[in-house]
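Now for the letters of each chain:
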Amino acid sequence: MDDYRITDEATGETFFCRPDESLLAAMRRTGKGPIKMGCFGGGCGVCKVRISDGRYQTFKKMSRAHISPEEEEQSIVLACCVKPLSNITLIKA
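Since the structure is predicted, the reported quantities are computational estimates derived from the model, not experimental observations. (Residues numbered from 1 in each chain as written. Predicted model: local features only at pLDDT ≥ 70, side-chain atom pairs only at ≥ 80, totals over all residues. Heavy atoms only, no water.)

Asks: Just checking my understanding: could you explain the packing of aromatic side chains for this structure?
Replies: Pairs of aromatic rings are described using the distance from one ring centre to the other and the angle between the two planes. Counting across every chain of the model gives 0 aromatic pairs. Its end group placed over the ring of F40, R28 keeps NZ or CZ at 4.1 Å from the ring centre. A cation over a ring is seen here: K83 above F59, with NZ or CZ 4.5 Å from the ring centre. (Phe/Tyr/Trp six-rings, centres within 6.5 Å; stacked < 30°, edge-to-face > 60°. Lys NZ or Arg CZ within 6 Å of the ring centre and 35° of its normal.)

Below, the structure is given as structure tokens:
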């Protein structure tokens with residue numbers, strides 16, 4: 001399966017994410033992306049982003065201390081807890 005293109009809406013910077021890795025893991029691997037690295041487990045909230053375009057799947061539980069159900073409905077997620085299902089455009093939340 002091909003990698004997905006991830007675009008930072010604020011800067012236009014792009015990097016690629018494998019279908020089997022989280023958005024945050026791809027940022028760490030490529031050294032690109034709009035956010036700092038945190039715990040990689042969904043608990044610290046440092047990697048909070050808004051996905052403005054594209055499809056994704058949640059594969060880890062996100063801390064409700066950092067992502068409310070309302071935010072999640074607006075595609076605000078923790079990058080460590082989601083994997084792409086298509087090319088994605090995102091911005092730091």
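Asks: In this structure, what is going on with the environment of P84? I would like to understand it.
Replies: Take P84: it is sitting in strand 6 (residues 82-84). C-alpha of P84 to C-alpha of I67: the two residues are 17 residues apart in sequence and 18 Å apart in space. Discounting chain neighbours no more than four positions away, the residues touching P84 are Y4, I6, C17, R18, P19, E21, L23, R55 and Y56. (Helix = DSSP H or I, 4+ residues; strand = E, 2+ residues; numbered from the N terminus. Contact = heavy atoms within 4.5 Å.)

Asks: So what exactly am I meant to see when it comes to the pattern of salt bridges here?
Replies: A side chain of one charge can pair with a side chain of the opposite charge when the charged atoms of the two come close. For the coordinates displayed, the defined rule picks out 5 salt bridges. Across the salt bridge formed by R18 and E21, the nearest N and O atoms sit 3.8 Å from each other. Bridged by salt links that share partners, the residues R18, E21 and R29 form one connected network. (Salt bridge = Lys/Arg side-chain N within 4 Å of Asp/Glu carboxyl O.)

Asks: Is there a simple way to explain the nonpolar core in this structure?
Replies: Counting 23 residues, the largest nonpolar core has I6, L23, M27, A79 and L90 as the members making the most contacts within it. Elements with a contribution of two residues or more to this core: strand 1 (4-8), strand 2 (14-17), helix 1 (23-30), strand 3 (48-53), strand 5 (76-78) and strand 7 (88-92). For this core, the leading source of residues is helix 1, giving 4 residues. Not counting chain neighbours up to four residues away, the residues in contact with A79 comprise S22, L23, L24, M27, I35, C47 and V49. (Core = buried A, V, L, I, M, F, W, Y, C linked by side-chain atoms within 4.5 Å. Buried < 20%, exposed > 50% of the residue type's maximum accessible area, 1.4 Å probe, protein only.)

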